[in-house]
Amino acid sequence: MLVADPRSAAAWRRLRQEIADAAPERRRELLRERADRSRATDLRMIGRAGLGHVGGDLSVLDILTTLFFGVLRIDPEKPDWTDRDRFVLSKGHTAGALYTTLAACGFFAPAELDTFAAPLSALNGHPNRVKVPGVETNTGPLGHGLPVSVGMAVAGRLAGSARHVYVVLGDGELQEGSNWEAAMTAGHRRLANLTAVVDRNRLQQGARTEETNALDPLDDKFRAFGWDVHVVDGHDHLALLDAFTAPRSERPTCVIAHTTKGRGVSFMEDRVEWHHKVPSPAQIDSAIVELAR
Amino acid sequence: MSAPVDELFDCRVAFAEQLIELAHEDERIVAVCNDSVGSSNLVQFAKEFPTRMINVGIAEQDMVGVGAGLALSGYIPFVCGASPFLTGRALEQIKADVAYSQSPVVLCGMSPGMAYGELGPTHHSIEDLSWLRAIAGLGIVVPADPQETKAAVRWAAAAATPVFLRVARFKVPAVTGSRPFTFGTATRLRDGDDVTVVATGTMVSRALEAAAEAADRGVSVRVLNMSTIAPLDEEAIRAAMRETRAIVTAEEATTTGGLGAAVAAVVVTEPSPVPMRMLGVHREFAPTGSTAFLLEHFKLTAADIRAAAVELAR
């Protein structure tokens, strides 16, 4: 099990406070800068490892950054704190985005990222809660995160805890039926302490979702299952913050976050081949230049 | 050396009684089920603990995921469903959310084996032991009678480890007496020095009957109740190899990967293997018939076990 990195955790605390205190435009800027730094870190990590899911990492990073730097009630130095909010990354193949975010929060030392996917590293291609603090359940096979999150939300209610459960789902994985079993359960039990965020980048591994097995109208589907739905630009940090902090009814919340796969790197954006293609060193350099602009 | 007695028990009754008793003692205990409140014998539990009975409806993948989420949040979930659907439908959830995530869920496979008789192979759960034995970190417990069922439930609630508990519906006599249940340890219910019968679940009482009948024919049969299939008590198997001349396994399950295969894997990797017979279902779907009929059809009666033991003793 990796251990917390107090220096990074202190930096996370300072930035989080600065973001909380900032005027909206400055807040947006701070979150965008932070997300783009994670993007650059992620690209270098994937280049080093020679594997990863770059497209989905880049699409989900604004969501992760907004949650970890603006929303989640967590303490990276106390990952077992009972009443922490729970965060589950159901689309476990974008572990790279999660690892860069957890490292930025101080759950473990950023230097560990150098070991991503190396033999015996704690940082597997898919996240493992037994090895990585901040990971709440092992994901990778699709359609697993939402049922487990429903169980966590039921537990939070049974315990009378104010903790909230956030789960990030890929859009393609909503083709798995297990999600809809869990969506029914959450709606039926009125799990207001559960928020599902759909990273709606409209691409799955091999093609567009709507060409493969169409998901739209996704908002109506969740509403029909008893959820409140917010549809937002998943790269607009303020819109995400608003959706996460909006007054809640007695229903679970679904945030459909419209995103672009490969976000921030012009030659990757919305291109299906960048699902898990590994960029060359030259491509990584040029991507990082773009992100720094 | 308890001779089998006439009274027969549905282990689900003992299961429910013990679960309710534990739930009174420990408020972390919850039940999760797939509409199977009745068939999992949870009606009384639901009455006494309405908020701790989480019925997700007919949705096994959700059921196991919800159980994992509860376990990862400090609860002790007993996730109950008919064994064919719990294990077959939610196998990947059992692997990823329970075993690999090390979430201490107690998976309760109700009415396993061929308990659903005439309902046919869709409702039989003879594959469960094979499927689950391939999953790392998952304990597999198959109690032989009501006493052992209660002891196993008590153990599982305290174990804080992923475990599958196979709870028989087909009625069995009480055979384990006051012997304690120790996870991972076989119990010797009868001593003998010619042949060892290693039996599990509903086959244990039949193995004892077989041993008594074999004694009449001058064959001394040891009976091991292998109530933990994983991890297997390999030392008990090695002792049987040293101290008796052959091994018969008996299970209400497919022999492809269950108890018989587990025992065989020990036997063939020792320097001096002993002859073996594996009684069970050999990669076949059952024809129509009651449970009792099917156990005869697949040669899983006391007489069949005795015949195998006597033949190997020659």
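One structure accompanies this document, and this report is about it. Computed from a prediction, not measured in an experiment: that's the story for all the values here.

### Concerning the interface of chain B and chain A
Argument step 1. Contacts between chain B and chain A engage 27 residues on the former and 26 residues on the latter.
Argument step 2. Around 2100 Å² of area is buried between chain B and chain A when both sides are counted, 53% of it from carbon and sulfur atoms.
Argument step 3. Contact with chain A buries area across many residues of chain B, yet B:Asp62, B:Leu72 and B:Tyr100 alone supply 25% of it, more than any other trio.
Argument step 4. Here chain B and chain A share zero salt bridges between them.
Argument step 5. The interface formed by chain B and chain A includes 13 residue pairs in polar contact (both at pLDDT 80 or more).
Argument step 6. Among the elements of the structure, strand E2 (53-55), helix H3 (60-71) and helix H5 (91-100) of chain B are those that each provide at least two residues to the side of chain B that touches chain A.

### Examining helix H1 (residues 11-25) of chain B
Residue and element names in this part refer to chain B.
Argument step 1. Between its first and last C-alpha atoms H1 spans 21 Å; for 15 residues at 1.5 Å apiece the expected length is 21 Å, and the two agree.
Argument step 2. Among all positions of H1, only Cys11, Arg12, Ala14, Phe15, Ala16, Gln18, Leu19, Ile20, Leu22 and Ala23 are buried.
Argument step 3. Close packing links the buried residues of H1 with strand E1 (29-33), helix H2 (43-48), strand E3 (76-82), strand E4 (106-110), helix H7 (146-159) and strand E6 (163-167).

### Some details on the sheet that holds strand E5 (residues 253-258) of chain A
Residue and element names in this part refer to chain A.
Argument step 1. Pairing is parallel across the open sheet formed by five strands, whose spatial order is E1-E2-E3-E5-E4. For this open sheet the edge positions go to strand E1 (86-89) and strand E4 (228-233), each flanked by a neighbour on one side alone. Each strand of the sheet is rotated relative to its neighbour by a mean of 20°, with strand direction disregarded.
Argument step 2. Across the sheet, helix H9 (residues 237-245) lies against strand E2 (165-170), strand E3 (194-200), E4 and E5, angled at about 170° from E4, the strand it touches most.

### Brief notes about the side chain of A:Thr100
Residues and elements named next belong to chain A.
Argument step 1. Structurally, Thr100 can be placed in helix H4 (residues 95-105).
Argument step 2. Thr100 sits in the buried class, given a relative accessible area of 2%.
Argument step 3. The contact partners of Thr100, leaving out residues within four places of it in the chain, are Ser38, Thr41, Asp42, Met45, Leu61 and Leu113.

### Here we look at the pattern of salt bridges
All names here are of chain A.
Argument step 1. Counted under the stated rule, the structure contains 39 salt bridges over all chains.
Argument step 2. The shortest N-O distance in the salt bridge between Arg190 and Glu250 comes to 3.9 Å. Of this pair, Arg190 sits in the loop between helix H6 (177-188) and E3 while Glu250 sits in the loop between H9 and E5; the two residues are 60 residues apart in sequence, bridging distant segments of the chain.
Argument step 3. Residue class for Arg190 comes out partly exposed when judged on its relative accessible area of 42%.
Argument step 4. Owing to a relative accessible area of 55%, Glu250 belongs among the exposed residues under this scheme.

The rules behind each value
Every chain is numbered on its own, with residues counted from 1 as its sequence reads. As a convention, the first chain written is A and the first ligand written is 1, with the rest following in written order. For a predicted model such as this one, the threshold for reporting local features is a pLDDT of at least 70, and the threshold for listing and counting side-chain atom pairs is 80 or more; totals across whole chains, interfaces and linings nevertheless cover every residue. Calculation of side-chain values draws on the structure's entire complement of heavy atoms; hydrogens and water are dropped beforehand. A contact between two residues is defined here by any heavy atoms of the two lying within 4.5 Å. Two parts lose some accessible area (1.4 Å probe) when they are put together, and adding that loss for both gives the buried area. Here, a salt bridge means any Lys or Arg side-chain nitrogen found within 4 Å of an Asp or Glu carboxyl oxygen. Between N or O atoms, a polar contact is any pair within 3.5 Å; within protein, one atom must be a potential hydrogen donor and the other a potential acceptor, and residues adjacent in sequence are included only when both atoms are from side chains. Per the convention used, a helix needs a DSSP run of H or I reaching at least four residues, while a strand needs a run of E reaching at least two, with both numbered from the N terminus. Given the number of residues in a helix, its expected span is that number minus one, multiplied by 1.5 Å. Under the scheme applied here, a residue whose accessible area is under 20% of the maximum for its type counts as buried, over 50% as exposed, and between as partly exposed, the area being computed with a 1.4 Å probe on protein chains only. Should DSSP find at least two bridges between two strands, the strands are regarded as paired. All axes are obtained by fitting lines to C-alpha atoms, using only the stretch in contact for helices, and the reported angles, taken between N-to-C directions, cover 0 to 180 degrees.

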